[in-house]
Amino acid sequence: MRQIRGSAVFAAVLALASAGIARASLPGAPAFALLASLVALPLLVLALARFARRDTLAARLASPALFGALLLWLWEMLVLGLHIPFVLLPPPSAIAAAFVTHLGTLATDFRQTYLHAVIAGYALGCGAGFAVALAVDRSPFLRRGLLPLGNLASVMPIVGVAPIMVMWFGFDWPSKAAVVVVMTFFPMLVNTTAGLAATGAMERDLMHCYAAGYWPTLLKLRLPASMPFVFTALKLNSTLALIGAVVAEFFGTPILGMGFRISTEAARMNMDIVWATITVAALAGSLSFGAIALIERAATFWHPAFRR
Amino acid sequence: MGESALLASETVPAPNAPVVVEARGLGVAFETDGQRVNALTSVDLTIRRGDFVSLIGPSGCGKTTLLRAIADLQAPSGGTLTVNGMSAAEARRARAYGYVFQAPALYPWRSVARNVMLPLEIMGMARGERTERAERYLRLVGLGDFARKFPWQLSGGMQQRVSIARALCFEPTLLLMDEPFGALDEITRDGLNLHLHELWRRTGMSVVFVTHSIPEAVFLSTRIVVMSARPGRIIDVIDSPLGAARALGIRESAEFLAVAHRVREGLRAGHSYD
């Protein structure tokens, strides 16, 4: 046990040292660092695998973080050791540095793209999809007429929709929100429609026995039963919304926003800023997905997937 | 001793008790692939207040269809059917019956108590009374301590008892049960049969009970309706000579075995048409 811990500490020190040496401007330093890290890598992987096997809360929380750190370190060593050009793949240290230097810009972009376009579009698109699903479910006419048209709308390519929305709603964030609405509306419509139809014959017969009308049946049986479907759409849409807003900014925008930043800085070869923006997007996307998953767990605690 | 003392001589219900269900020439037909299948033909049946009627027969004999027709879950294609003197649809809208399905059909997002309260909520009962009723009927089926649990935390037998409490809590005069204990093991089933028998004795309600099991039908019923398949129809109606008060022990008595024998003969006769 002590031996393993000792070798893990040794490997970690070796890894940090080689990361430091790799950036030194001595000739042959990167190659030497790469060699050292090749020694450290198997030891680190072994130590991490052993740690991840533990069934403690600390291990469960720390394992993915340590694994991520290992990947970042490996990325750093490979890029520096093999002299990979900066435009192809900057090292994580450079991305982190860009993140800190451009924090103000990144925050402004985040506010423009995420807090305005994504959240407004997501709320409107999901809300409208849910409301239309209720209407479609209530009216056979709409089910026959609207649902197939919705199918058509769902296959419209976002790169085609975005310029049209810019024409309609202007350069600022409302046109991006509109793209997000178009993207998120249909998944919510389809999922909610399926969820409302997901009740069993016996459960419906039970409501019929009590002479329950449309509204009690909807509120007490069909909406609760549809919740797992609705949450599937909410999670799917949280990622779609971010993609939609970022891509939409490629087609005309004021001089801010995450999509604008990515397209202009990529054109200027500032790949570290592009990667820093991608990091912000990935963090925002994961956090919102995680938050919705937590709400789902609380709201559909009764579902077989979450029962304890 | 014992057995004969349990067999009270009274027969229930009184022959002039009010009619609860009346079927005359009742037929139900299904349309599948343009072909007409007679699930039930020319059924004549009178069920009076306080009756415990079992419908027994092979699969496809229409016993569940008959129960569903009484509950207005299935539209008849011919004949007349009245429940409490009204059409089946009117009786359903007047919440005349409680229905217990083959499976518990509890809503997993509701606690046990809130499942029992479901019909009371739909009927617009005040919250205080709802809670009181749910408590009372859960205690009646022996689940007073499980009110706050969720259905999926209970065994199958307990879940079915919750569904019985749910069917009873709005105090209908007619209880319709579709093979409620079919999925349970023998011992659990015995216990629930005894429980149901006592409930029926205490409340004086009418019960229509669909089953596959001869001992279950004979033990519980005042009348046993033997049915046959293709087309579904009634081939025998047996008035039970067993008294109102029953314990599981009567299943070895001569009277019990005689009734069971007649039911079996009826079922066999129904089968020989195949």
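Given the structure is predicted, the values throughout are model-derived calculations rather than measurements.

The rules behind these values
Residues numbered from 1 in each chain as written. Chains lettered and ligands numbered in written order. Predicted model: local features only at pLDDT ≥ 70, side-chain atom pairs only at ≥ 80, totals over all residues. Heavy atoms only, no water. Domains from an automatic or database assignment. Pairing = 2+ DSSP bridges. Helix = DSSP H or I, 4+ residues; strand = E, 2+ residues; numbered from the N terminus. Expected span 1.5 Å × (residues − 1). Bend = angle between axes of the 7 residues up to and from the residue. Contact = heavy atoms within 4.5 Å. Buried area = accessible area lost by both parts, 1.4 Å probe. Salt bridge = Lys/Arg side-chain N within 4 Å of Asp/Glu carboxyl O. Polar contact = N/O pair within 3.5 Å; in protein donor to acceptor, adjacent residues only side chain to side chain. Nonpolar A, V, L, I, M, F, W, Y, C, P; charged D, E, K, R; others polar. Phe/Tyr/Trp six-rings, centres within 6.5 Å; stacked < 30°, edge-to-face > 60°. Buried < 20%, exposed > 50% of the residue type's maximum accessible area, 1.4 Å probe, protein only. Lys NZ or Arg CZ within 6 Å of the ring centre and 35° of its normal. Axes fitted to C-alpha atoms, helices over the stretch in contact; angles between N-to-C directions. Arc of directions from axis to C-beta.

**A short note on the domain arrangement of chain A**
Much of the literature gives interface size as the accessible area that the parts lose upon coming together.
Thinking step 1. As far as domains go, chain A holds domain 1 (2-84) and domain 2 (100-299).
Thinking step 2. A separation of 39 Å is found between the C-alpha centroids of domain 1 of chain A and domain 2 of chain A.

**Some remarks on the pairing of strand β2 (residues 35-48) of chain B**
All names here are of chain B.
Thinking step 1. Sheet topology note: the strand β1 (residues 19-32)/β2 ladder contains ten bridges and is antiparallel. In the sheet register, Val28 faces β2, and the bridge partner there is Leu40.
Thinking step 2. Linking β1 to β2, which pair antiparallel, is a turn of two residues; within it Asp33 sits at a positive phi near 50°.

**Overview of helix α5 (residues 103-138) of chain A**
Thinking step 1. With 36 residues, α5(A) extends 50 Å between its outermost C-alpha atoms, agreeing within 8% with the 52 Å of an ideal straight helix rising 1.5 Å per residue.
Thinking step 2. At Phe110(A), α5(A) is bent by approximately 30°, the largest bend along its length.

**Observations regarding the interface of chain B and chain A**
Thinking step 1. Opposite the 26 residues of chain B that make contact, chain A presents 19 residues.
Thinking step 2. In total, about 2200 Å² of surface goes out of reach between chain B and chain A, with carbon and sulfur atoms giving 71% of it.
Thinking step 3. Our count for the chain B to chain A interface comes out at two salt bridges.
Thinking step 4. A salt bridge links Glu121(B) to Lys220(A); the nearest nitrogen and oxygen atoms lie 2.8 Å apart.
Thinking step 5. In this assembly, chain B and chain A are joined by six residue pairs in polar contact (both at pLDDT 80 or more).
Thinking step 6. Counting residues per element, the ones that place at least two in the side of chain B that touches chain A are α3 (88-93), β6 (97-100) and α4 (112-122) of chain B.
Thinking step 7. With four residues, the single largest contributor to the side of chain B that touches chain A is α4(B).
Thinking step 8. For the side of chain B that touches chain A, a count of residues per class yields 16 nonpolar, two polar and eight charged.

**Considering the packing of aromatic side chains**
Thinking step 1. The tally for this structure, following the rule as stated, stands at 15 aromatic pairs over all chains.
Thinking step 2. Both rings, one in Tyr97(B) and one in Tyr99(B), keep their centres 6.4 Å apart while their planes meet at 70°; by these two values the pair is edge-to-face.
Thinking step 3. Accessibility expressed as a relative area gives 4% for Tyr99(B), which makes it buried.
Thinking step 4. Residues Phe150(B) and Trp152(B) carry aromatic rings whose centres are separated by 5.5 Å and whose planes lie at 20° to one another, so their mutual orientation is stacked.
Thinking step 5. Ring pairs connect the aromatic residues Phe52(B), Phe181(B), Trp200(B) and Phe209(B), which therefore count as one cluster.
Thinking step 6. Lying over the aromatic face of Tyr214(A), Arg138(A) brings its terminal NZ or CZ to 3.7 Å of the ring centre.

**Concerning the domain arrangement of chain B**
All names here are of chain B.
Thinking step 1. As far as domains go, chain B holds domain 1 (3-96 + 174-271) and domain 2 (107-171).
Thinking step 2. Between the C-alpha centres of domain 1 and domain 2 the distance comes to 25 Å.
Thinking step 3. Counting residues at the interface gives twelve residues for domain 1 and 13 residues for domain 2.
Thinking step 4. Summed over both sides, the interface of domain 1 with domain 2 buries roughly 980 Å², with 78% coming from carbon and sulfur.
Thinking step 5. Connecting domain 1 to domain 2 are zero salt bridges.

**Some remarks on the side chain of Thr222(B)**
Thinking step 1. If you trace the backbone, Thr222(B) turns up in the loop between α8 (214-220) and β9 (223-228).
Thinking step 2. A polar side-chain atom of Thr222(B) sits 3.0 Å from a polar atom in the side chain of Asp51(B).

**Some remarks on the sheet that holds strand β8 (residues 206-211) of chain B**
Residue and element names in this part refer to chain B.
Thinking step 1. Overall, mixed pairing links the six strands, which are arranged β6-β7-β8-β3-β9-β10 in an open sheet. Only two strands of the sheet have a single partner each, and these edge strands are β6 and β10 (233-239). For this sheet, the mean angle separating the axes of adjacent strands, direction not counted, is 15°.
Thinking step 2. Here β9 pairs with β10 via six bridges, running antiparallel. Its bridge partner being in β10, Ser228 is matched across the sheet by Arg233.
Thinking step 3. Seen against the sheet, helix α6 (residues 156-168) touches β6 and β7 (174-178) and runs at an angle of roughly 165° to β6.

**A look at the pattern of salt bridges**
Thinking step 1. Under the defined criterion, the tally for this structure stands at 20 salt bridges over all chains.
Thinking step 2. The closest approach of N and O atoms between Arg68(B) and Asp205(A), which form a salt bridge, is 2.9 Å. One end of the pair, Arg68(B), is in helix α2 (residues 63-70); the other, Asp205(A), is in helix α9 (residues 201-209), on a second chain.
Thinking step 3. You can call Arg68(B) partly exposed: its relative accessible area is 21%.
Thinking step 4. You can call Asp205(A) buried: its relative accessible area is 15%.
Thinking step 5. Residues Arg268(B) and Glu265(B) are paired through a salt bridge, measuring 3.3 Å at the closest nitrogen-oxygen approach. Here the residue Arg268(B) and the residue Glu265(B) both occupy positions in helix α9 (residues 254-271), the gap between them amounting to three residues, near one helical turn.
Thinking step 6. A cluster of three or more residues bridged by salt bridges with shared partners is formed by Glu129(B), Glu132(B), Arg133(B), Arg136(B) and Glu171(B).

**Description of the sheet that holds strand β4 (residues 78-83) of chain B**
All names here are of chain B.
Thinking step 1. The sheet built from four strands is open, its strands ordered β2-β1-β4-β5 with antiparallel pairing. Edge positions in the sheet fall to β2 and β5 (86-87), since each has one partner strand and no second.
Thinking step 2. Across the face of the sheet, α2 comes into contact with β1, β2 and β4 while running at roughly 115° to β1.

**Quick word on helix α4 (residues 92-101) of chain A**
Residues and elements named next belong to chain A.
Thinking step 1. Buried within α4 are the following residues: Pro92, Ala94, Ile95 and Ala98. Taken end-on, α4 shows its buried residues confined to a sector of 160°, consistent with a single buried face. Of the exposed residues in α4, those oriented more than 90 degrees away from the buried face are Val100 and Thr101.
Thinking step 2. Looking at the packing, one finds that the buried side of α4 touches α3 (57-81) and α12 (271-299).

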